[in-house]
Amino acid sequence: MVAPFSGGCACKAVRYEVSAEPIAVMDCHCRDCQYASGGACTTAVVVPAGAFKLTKGKPKRYGSKGDTGNDVFRNFCDNCGSPVFSEPPNGAIMVVKAGSLDDPSWLKIGGALYTSSAQPWAHIDPNKMQFEKMPPRAG
Ligand SMILES: [Zn+2]
Ligand SMILES: [Zn+2]
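Described in the following lines is the structure provided in the data block. The shown structure was predicted, so the numbers you read here are calculated from the model rather than taken from an experiment.

### Some details on the environment of Thr68
Summarising the element assignment, Thr68 is placed in the loop between strand S6 (60-65) and strand S7 (71-76). Among the residues examined, Thr68 registers 12 C-beta atoms within 10 Å and is labelled exposed.

Structure representation (structure tokens):
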């Protein structure tokens, strides 16, 4: 058991708590996540939306179109710039950025999303799940 767990941005202006275990932990290699992370991918910690609580601060939101044509809102600290969490159009889940956890060391990566846009130099574990885009049922 790891829940509840907490996290936030580098300057501590934005803080959150999660009261449930993650549903999934996946590396997302879509272009938007490459921009948002500044690297090969974003490690997405998927949690039930109802278990996520913003406890401090007011992150800035940036909306970009997901595959469904609906906006994915990326929340980041407007002081230090850390990406903290994303709100997918599917309102049932919230995506917390792995690097924003106070202790990210216990996370277990389930696999990779959007391998179709992964960079040739990105590391993708061949022994784990891989999806060219999103997993079919998460649509
Ligand atoms: Zn900050
Ligand atoms: Zn992505």
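### Things to note about the sheet that holds strand S10 (residues 111-113)
Strand pairing within a sheet occurs via backbone hydrogen bonds; the two strands may be parallel or antiparallel. The strand order across the open sheet built from 8 strands is S6-S7-S8-S9-S4-S3-S10-S11, with neighbouring strands paired in mixed fashion. Edge positions in the sheet fall to S6 and strand S11 (129-130), since each has one partner strand and no second. Taken together, the 3 bridges between strand S3 (residues 24-28) and S10 define a ladder with parallel strand orientation. In the sheet register, Cys28 faces S10, and the bridge partner there is Leu113.

### Description of the pairing of strand S8 (residues 83-87)
The element S8 is largely enclosed, with a buried count of 4 among its 5 residues. Of the pairings in the sheet, the one linking S7 to S8 comprises 4 bridges and is antiparallel in character. Counted as the bridge partner of Arg74 is Ser86 from S8. Taking the residues that link successive antiparallel strands as the turn, the S7-S8 hairpin has 6 residues, and the phi of Gly81 there is positive, at about 85 degrees. Alignment of S8 against strand S9 (residues 93-97), held across 2 bridges, turns out to be antiparallel.

What counts, and at which threshold
Residues numbered from 1 in each chain as written. Chains lettered and ligands numbered in written order. Predicted model: local features only at pLDDT ≥ 70, side-chain atom pairs only at ≥ 80, totals over all residues. Helix = DSSP H or I, 4+ residues; strand = E, 2+ residues; numbered from the N terminus. Buried ≥ 20, exposed ≤ 12 C-beta atoms within 10 Å, placed from the backbone. Pairing = 2+ DSSP bridges.

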